Amino acid sequence: MESAPEVSQSRMRTFLAVVDTGSVRAAAAELHVSEPAVSTSLGQLRRVLGVELVRREGRGLRLTPAGEVYAGYCRTIMGLLDQAYAAVQTAEEGRLRLGAVATASEVVLPPALAAFRRRHPKVELSLTVAPRDQLFDHLRHHEVDLVLGGRPPRGAGFMLRATRSNTLIVVGAPGVVADLAHSTWLMRSHGSGLRETTLGLLNRLELDPPQLTLGTHGAVVASARSGLGVTLVHADAVADDLARGDLVQLDVPRTPMSRPWAVATARLAPSTAELFIEHLTDQQVMGTSAFHPVNRSPG
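Remember, predicted model here, so these are calculated numbers, not experimental data.

K.L.:
So what's going on with the nonpolar core? Residues and values would help.
P.N.:
Leu148, Val263, Phe276 and Phe291 are the most contacted members of the largest nonpolar core, which has 33 residues in total. Listing elements by their share of this core, those giving two or more residues are β3 (95-100), α6 (109-119), α7 (132-140), β5 (146-149), β13 (261-265) and α11 (271-280). At five residues, α11 tops the list of elements feeding residues into this core. Those residues in contact with phenylalanine 291 that lie beyond four places of it in its chain are Val108, Leu148, Ala162, Thr163, Arg164, Trp261, Val263, Leu280 and Thr281. Ranked by size, the runner-up nonpolar core spans 20 residues in total, among them Val7, Met12, Val24 and Ala27.

Here is the structure:
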């Protein structure tokens, strides 16, 4: 049986840079190398693997079916290499790659990270902010060590590690007429757990109102504040707006909704992730913002 051809880490990283940026030029700029160097690396990969990984499309590149498959393996391999490096470092001086949905990154994480940095100043932190589905793809490929957002997908093998109460409410500008069937509903981007929850709510209410996708949490809340429409949002994220009277909570059937924040890891989590979970669940440090630990069980 022939052994698989050897491919260097640098070629894998170059290939993934092309995948993520969509072109040789953009990948070269990201990697701080020349365009010919990127093109040479792609050519070497093609010769070693014996298949085409990318095809030209306009001014950019498009993955072939083989390229789609290989990109997934490259992400997993490179993620595991990064995780392996972190795993052999001491927790107090290691690296922690966090992933969070936008609202959690703006509302939940800042005070938690500030307190964690004071306790463990030598831990190297990085944060990826993305919609829920993308984050769990990152976790599946070991590109992040821990995800803070909604509950992990069932049957995917992720570990639910801690939860914290969280309430979803419908809000709009003061004086807005809560005509749920005709009011414009302001939506998060595709892949967002909050978008899925909103669509589920509208389906249960048998409503098909106008929708406007604005993407980010900040854009949705600002648009609701301006009277552009109504939206389902995390109550914690608009507490100040409600207190100032810039937004009001609307009386909508089936709301408020309980959707706890959740912390998830892969089955094997580095010691820094365990350290951060201990921090989040430490009531003496986190007070009322503390998470509650969950038994390690696959989601």
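K.L.:
Mind laying out the pattern of salt bridges, listing which residues take part and the relevant values?
P.N.:
This structure, assessed with the given rule, holds 14 salt bridges. Glutamate 57 serves as the salt-bridge partner of arginine 62, at 3.1 Å between the closest nitrogen and oxygen. Classification of arginine 62 as exposed rests on a relative accessible area of 52%. Note that aspartate 145 and arginine 97 form a salt bridge whose closest N and O atoms lie 2.7 Å from each other. Taken together, the positions of aspartate 145 in the loop between α7 and β5 and arginine 97 in strand β3 put the pair 48 residues apart, joining distant regions of the chain. Per residue, the accessibility class of aspartate 145 equals that of arginine 97, and both read buried. Each of Arg225, Asp241, Arg244 and Asp246 takes part in one network of salt bridges that share partners.

K.L.:
An account of a nonpolar patch on the surface is needed here, citing residue identities and associated values.
P.N.:
Together, Val69, Tyr73, Ile77 and Leu81 make up a nonpolar patch on the protein surface, roughly 370 Å² of accessible area in all. With respect to the helices, strands and loops of the structure, valine 69 is situated in helix α4 (residues 65-87).

K.L.:
Describe helix α8 (residues 193-204), listing the residues and the values that go with them.
P.N.:
Taking 1.5 Å of rise per residue, the twelve residues of α8 would be expected to cover 16 Å, and the 17 Å separating its terminal C-alpha atoms lies within 8% of that figure. Those residues of α8 that fall on the buried side of the exposure criterion are Leu194, Arg195, Thr197, Thr198, Leu201 and Leu202. For α8, the arc enclosing every buried residue in end-on projection is 160°, short of the 170-degree limit, so these residues lie on one face. Here the buried face of α8 lies against β7 (167-172), β8 (185-188), β9 (211-215), β10 (231-234) and β12 (257-258). Structurally, the start of α8 carries an N-cap: the backbone nitrogen of leucine 194 is 3.1 Å from a side-chain oxygen of serine 192. Where α8 terminates, the next one or two residues include glutamate 206, which has phi positive at roughly 55°.

K.L.:
Describe in detail the packing of aromatic side chains, supporting the description with residues and values.
P.N.:
Two numbers describe a pair of aromatic rings. These are the distance of the centres and the angle of the planes. As enumerated under the stated definition, the model contains three aromatic pairs in all. Here the aromatic rings of phenylalanine 116 and phenylalanine 276 are separated by 5.1 Å at their centres, their planes lie at 85°, and the arrangement is edge-to-face. In this pair, phenylalanine 116 is assigned in helix α6 and phenylalanine 276 in helix α11, connecting sequence segments 160 residues apart. As far as burial versus exposure is concerned, phenylalanine 116 and phenylalanine 276 are alike and both buried. Where phenylalanine 136 meets phenylalanine 158, the ring centres are 5.2 Å apart and the plane angle is 35°; that geometry is what we call tilted. Separated by 22 residues along the polypeptide, phenylalanine 136 in helix α7 and phenylalanine 158 in the loop between β5 and β6 (159-164) bring together distant segments of the chain. Phenylalanine 158 sits in the buried class, given a relative accessible area of 4%.

K.L.:
Tell me about helix α1 (residues 9-21), and name the residues and values.
P.N.:
Given a rise of 1.5 Å per residue, 13 residues ought to cover 18 Å, and the 18 Å separating the end C-alpha atoms of α1 matches this to within 8%. Buried residues of α1: Met12, Thr14, Phe15, Leu16, Ala17 and Val18, and no others. In the segment just after α1, glycine 22 is the residue with positive phi, at about 90°.

Rules behind the numbers
Residues numbered from 1 in each chain as written. Predicted model: local features only at pLDDT ≥ 70, side-chain atom pairs only at ≥ 80, totals over all residues. Heavy atoms only, no water. Core = buried A, V, L, I, M, F, W, Y, C linked by side-chain atoms within 4.5 Å. Buried < 20%, exposed > 50% of the residue type's maximum accessible area, 1.4 Å probe, protein only. Helix = DSSP H or I, 4+ residues; strand = E, 2+ residues; numbered from the N terminus. Contact = heavy atoms within 4.5 Å. Salt bridge = Lys/Arg side-chain N within 4 Å of Asp/Glu carboxyl O. Patch = residues over 30% accessible without salt bridge, like charges linked within 9 Å, V, L, I, M, F, W, Y side chains within 5 Å. Areas by Shrake-Rupley, 256 points an atom, 1.4 Å probe, with all protein chains shown as cover. Expected span 1.5 Å × (residues − 1). Arc of directions from axis to C-beta. Polar contact = N/O pair within 3.5 Å; in protein donor to acceptor, adjacent residues only side chain to side chain. Phe/Tyr/Trp six-rings, centres within 6.5 Å; stacked < 30°, edge-to-face > 60°.

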